[in-house]
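What follows is the residue order along each chain.
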Amino acid sequence: MSYIKIQDVYKKYKVGDTVVVANNGISFSIEKGEFVVILGPSGAGKSTILNILGGMESCDSGEIIVDELAISTFNNKQLTKYRRDDVGFVFQFYNLVQNLTAKENVELATRITKNALDVDQTLELVGLDHRKDNFPSQLSGGEQQRVSIARAVAKNPKLLLCDEPTGALDYNTGKQVLQTLQDTCRKMGTTVIVITHNSAIAQMADRVIKINDAKVRSVEVNKNPIPIENIEW
Ligand SMILES: Nc1ncnc2c1ncn2[C@@H]1O[C@H](COP(=O)(O)OP(=O)(O)O)[C@@H](O)[C@H]1O
Ligand SMILES: [Mg+2]
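Here goes a summary of the coordinates provided. Along each chain, the written sequence defines residue order, and numbers are assigned to residues from 1. Here chains are named by letter from A upward and ligands by number from 1 upward, in the order in which they appear as written. Residue-level local features of this predicted model are given only where pLDDT is at least 70; pairs of side-chain atoms are given and counted only at 80 or more, and the full residue set underlies all totals for whole chains, interfaces and linings. Each side-chain value is worked out from all heavy atoms of the structure, with water and hydrogens disregarded.

What about the sheet that holds strand 2 (residues 18-30)?
Across the sheet, which stays open at both edges, the four strands sit in the order 2-1-4-5 with antiparallel pairing between neighbours. Each edge of the open sheet carries a strand with a single partner, namely strand 2 and strand 5 (69-70). Note: two strands are recorded as paired if DSSP finds a minimum of 2 bridges between them. Where helices and strands are cited, they refer to DSSP runs of H or I of at least four residues and of E of at least two residues respectively, numbered from the N terminus. Pairing between strand 1 (residues 4-15) and strand 2: ten bridges, direction antiparallel. Each bridged residue has a counterpart across the sheet, and for Lys 5 the counterpart in strand 2 is Ser 29. Across the sheet, helix 1 (residues 46-53) lies against strand 1, strand 2 and strand 4 (61-66), angled at about 120° from strand 1, the strand it touches most. We call two residues contacting when some pair of their heavy atoms lies within 4.5 Å. Helix axes are fitted to C-alpha atoms over the stretch in contact, other axes to C-alpha atoms as well, and angles between N-to-C directions run from 0 to 180 degrees.

If you want it as structure tokens, here you go:
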């Protein structure tokens, strides 16, 4: 049995009189410790399935299993615990608390979780130990995103879910952030899922899941992922 199993997930949204089918029977599996890229154009249904996997949204039907936990059967209380202890999120916009330092932003997240890592060590992992007393406004976009990665990683989650984490960053900064995510995956053994619409990034992944028009179109396992520094686009 796979570490993560998503089976036949359906999700529709009603907006006024129209119904949008965001996930139309999505199925895929992921193994523990993989670096996974979910690839697809805007509107394909990528964020929807990631939010369902992260316990932020419920599906209309289907099954989601994470490390033998049947997330799709969880009640609200169980989902809250799952989000706190098992899932780290990284978003396109870093959502840092502006009047807290980098270190305090990370500490805040570790207070609500049970398996927290050492905050200083986590900031070192993302290469920001020398900036930990700075406020978000004193950091570049890439540095702020690395704080948000540290904040997610410090919870020592089973899953690190990243929705277009380089969407607001320039080319080189985006590469550094992807490198940080891959280092986290390799060093911590965390299962990392990154959503992108940049197909070049797929080469660095162990597994590439292509989603288009609310369905999975292909899943490829990459035996020899390429380091991000060797990928150009
Ligand atoms: N909360 C929502 N309410 C209404 N429609 C939504 C909502 N979230 C997503 N959608 C719609 O579902 C479809 C898939 O969205 P999404 O999963 O965000 O795609 P992607 O992340 O691939 O761009 C889109 O048509 C989007 O407009
Ligand atoms: Mg999206």
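Re the site of ligand 1
The near set for a molecule or strand comprises every residue that places at least one heavy atom within 4 Å of it. In the region of ligand 1, the neighbouring residues are Tyr 13, Val 15, Val 20, Ala 22, Pro 41, Ser 42, Gly 43, Ala 44, Gly 45, Lys 46, Ser 47 and Thr 48. Within the side chain of Thr 48, an N or O atom sits 2.6 Å from an oxygen atom of ligand 1. At the level of elements, strand 1, strand 2 and helix 1 are the ones that each hand at least two residues to the shell around ligand 1. Each residue is assigned to one of three groups, with Ala, Val, Leu, Ile, Met, Phe, Trp, Tyr, Cys and Pro labelled nonpolar, Asp, Glu, Lys and Arg labelled charged, and all others, Gly among them, labelled polar. Each residue belonging to the shell around ligand 1 can be placed in one class, and the counts come to six nonpolar, five polar and one charged. Polar contacts, as counted here, are pairs of nitrogen or oxygen atoms within 3.5 Å of one another; within protein the pair requires one atom able to donate a hydrogen and one able to accept it, and residues that are adjacent in sequence qualify only if both atoms are side-chain atoms.

Examining the pairing of strand 4
Sheet topology note: the strand 1/strand 4 ladder contains five bridges and is antiparallel. Bridge pairing in strand 4 places Tyr 10 opposite Ser 61. Linkage of strand 4 to strand 5, two consecutive antiparallel strands, is achieved through a turn of two residues, within which Asp 67 is found at a positive phi near 50°.

Here's the deal with unusual backbone geometry
Not every positive phi belongs to a glycine, and Asn 95 is a case in point at roughly 55°. Secondary-structure assignment places Asn 95 in the loop between strand 6 (87-90) and helix 3 (102-110). Its identity as a non-glycine residue notwithstanding, Ala 214 has a phi of 75°, on the positive side. Within the fold, Ala 214 resides in the loop between strand 9 (207-212) and strand 10 (215-221).

Points about the side chain of Asp 85
Here Asp 85 is to be found in helix 2 (residues 76-86). Burial status follows relative accessibility: with a 1.4 Å probe on protein chains alone, a residue under 20% of its type maximum counts as buried, one over 50% as exposed, and anything between as partly exposed. We classify Asp 85 as buried; its relative accessible area is 7%. What Asp 85 contacts, discounting residues up to four positions off in sequence, is Ile 112, Thr 113, Lys 114, Asn 115, Lys 155, Asn 156 and Pro 157.

A word on the environment of Lys 155
Here Lys 155 is to be found in the loop between helix 5 (141-153) and strand 7 (159-163). A residue is classified by how much of its surface remains accessible, and Lys 155, at 9% relative accessible area, is buried. Expressed as a C-alpha distance, the spacing of Lys 155 and Ile 112, which sit 43 residues apart in the sequence, is 8.6 Å.

Observations concerning helix 2
Of all the residues in helix 2, the buried ones are Leu 79, Tyr 82, Asp 85 and Asp 86. The buried residues of helix 2 all sit within an arc of 150° when viewed along its axis, so they share a single face. Exposed side of helix 2, more than 90 degrees from the buried face: Asn 76 and Lys 77 are the residues found there. Tucked inside the fold, the buried residues of helix 2 contact helix 1, strand 4, strand 5, strand 6 and strand 7. Put simply, Asn 75 is the residue that caps the front of helix 2, since its side-chain oxygen is 3.1 Å from the backbone nitrogen of Lys 77. Picture the helix axis, draw a direction to every C-beta atom, and the arc is the one those directions span.

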